[in-house]
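A structural walkthrough
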Amino acid sequence: MKHLLLCVDGSHYTQPACAYAAWWATVNDADIHTVYVSDLHQFEAPVFADLSGSLGIQPYQGIIPQIQEMEKQKAKIISNAVTDFLDAADFPEDRRKFEHRTGFIVDTVEEMQSLKDLIVAGKRGEHADFASGHLGSKMERIVRASHVPVLVTSREFQAVSKVLFAYDGSKSGEKALLYIRDNAMFRDAELHVVSVAEKGHSERYAGYLRDAERELKNAGLSPICQALGGEPEDMIASYVEQQSIDLMMMGAYGHSRIRHLLIGSTTTEMIRRCRIPVLCFR
């Protein structure tokens, strides 16, 4: 992964997202393209809202330049914060850039992803403290829109030494398996591979696990493989906690999950519940 897109918004999740981006880019000799997107809704919504004549379109149009100037100042503050953090991490200046756009973050991701190999973004955004039990809606849309892997970062950074790969034999899981097989960064990590069997399908999922183990061992890796039974969300979350996992990898869609309107329900639940970064593959 040589080209990394880091999405920031100035929330509490920005600094750990920067930390994970710097770590990932350093290990993979990649560059970091940071983008902050001023949401276009804040410029458009009040014009179309029913304000009962209390403000009206004409006065509002006079406020737009002030909102634009505030966003420029906010982008400058965020840019300086990202620069300071990457400086402190000794990340090379010639391998990073910062860009401020106005629009919608999902549109930006869709536009830029063809030139990127990985997207990094915090699990929640600026309103995280008001909805601490929920996955950010923008984050879910980013995962759904992206055709490259998305690293969903947690609120705190921690060094990665134990990696969990939750494998279910799906096409997106297969992509994750091949990435682990071919990426040297996992050779120094303690790699756990877990398959959680849906009711009545234990043999099928055990087969997926055997296939993954064989693929990884043939590549010179030494995975710790576990076949589990029960609800995937509960079993995986429990395994993460018991084994002190630092990073989880999984396909964004499973065999029997909703595919069009939402990312896979197990993926959504894992991102929401686990206090570690999750790397999702489409």
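Just above sits the structure.
Throughout this description, residue numbers start from 1 for each chain and increase along the sequence as written. With the structure being a predicted model, the display of local features is reserved for residues of pLDDT at least 70 and the display and counting of side-chain atom pairs for 80 or more, all residues being used for whole-chain, interface and lining totals. Each side-chain value is worked out from all heavy atoms of the structure, with water and hydrogens disregarded.

1. A closer look at the packing of helix α6 (residues 171–182) against helix α7 (residues 202–218)
Quick reminder of the rule: Every axis corresponds to a line fitted to the C-alpha atoms, with the helix fit spanning only the stretch in contact, and the corresponding angles, defined between N-to-C directions, vary from 0 to 180 degrees. For the purposes of this entry, the term helix denotes a DSSP run of H or I that reaches at least four residues, the term strand denotes a run of E that reaches at least two, and both are numbered from the N terminus. Orientation categories follow fixed angle ranges, with anything under 35 degrees roughly parallel, anything over 145 roughly antiparallel, 65 to 115 roughly perpendicular, and all other angles oblique. Less than a right angle of anticlockwise turn of the near helix away from the far helix marks a crossing as left-handed, whereas a clockwise turn marks it as right-handed. The contact definition used throughout considers only heavy atoms, calling two residues in contact when any of these lie within 4.5 Å.
α7 packs onto α6 with a crossing angle of 25° between their chain directions and a minimal axis gap of 9 Å. As far as their axial angle goes, α7 and α6 are roughly parallel. With respect to the hand of their crossing, α6 and α7 are arranged in right-handed fashion. Across the interface between the two elements, Leu-177, Leu-178, Ile-180 and Arg-181 from α6 touch Ala-212, Glu-215 and Leu-216 from α7.

2. Some words on the packing of aromatic side chains
Where we set the bar: Aromatic rings from Phe, Tyr and Trp, with only the six-membered ring used for Trp, were paired whenever their centres fell within 6.5 Å, and each pair was classed as stacked if the ring planes differed by under 30 degrees, edge-to-face if by over 60, and tilted otherwise. Summary of the burial criterion: residues with accessible area below 20% of their type's maximum are buried, those above 50% are exposed, and those between are partly exposed, where the area comes from a 1.4 Å probe applied to protein chains only.
By the definition in use, this model includes 7 aromatic pairs. On the basis of an interplanar angle of 40° and a centroid distance of 5.3 Å, the ring pair of Phe-165 and Tyr-167 is categorised as tilted. Judged by centre distance (5.3 Å) and plane angle (80°), the ring pair of Tyr-205 and Tyr-208 falls under edge-to-face. You can see Tyr-205 and its partner Tyr-208 sitting in helix α7, 3 residues apart, about one turn around the helix. One exposure class covers both Tyr-205 and Tyr-208, and it is buried. One aromatic cluster is present, built from ring pairs that chain together Phe-165, Tyr-167, Tyr-205 and Tyr-208.

3. Notes on helix α8 (residues 232–242)
Going by this rule: The arc in question is traced by the directions running from the helix axis to the C-beta atoms.
Every buried residue of α8 is listed here: Pro-232, Glu-233, Ile-236, Ala-237, Tyr-239 and Val-240. Down the axis of α8, the smallest arc covering the buried residues is 160°, so these residues share one side. Facing away from the buried side of α8, by more than 90 degrees, are the exposed residues Glu-241 and Gln-242.

4. Brief notes about the nonpolar core
Nonpolar side chains in soluble globular proteins tend to end up buried together. Going by this rule: Note on terminology: a nonpolar core comprises buried Ala, Val, Leu, Ile, Met, Phe, Trp, Tyr and Cys residues joined through side-chain atoms within 4.5 Å.
Counting residues in hydrophobic clusters, the biggest one holds 44 residues, and the most contacted among them are Leu-4, Leu-6, Trp-24 and Met-249. Take this core: its biggest share by element is 7 residues, from helix α1 (residues 14–28). If you look at the next biggest cluster of nonpolar residues, it comprises 36 residues, including Ile-119, Leu-164, Met-250 and Ile-271.

5. Here we look at the sheet that holds strand β5 (residues 150–153)
Spelled out, the test is: Note on pairing: DSSP must find at least two bridges between two strands before they are called paired.
The strand order across the open sheet formed by 10 strands is β3-β2-β1-β4-β5-β10-β9-β6-β7-β8, and the pairing between neighbours is mixed. Only two strands of the sheet have a single neighbouring strand rather than two, namely β3 (96–103) and β8 (224–229). When the angles between neighbouring strand axes are averaged without regard to direction, this sheet yields 20°. Examined bridge by bridge, strand β1 (residues 3–8) and strand β4 (residues 118–122) share 4 bridges and lie parallel to one another.

Worth remembering: the numbers are spatial, not functional.
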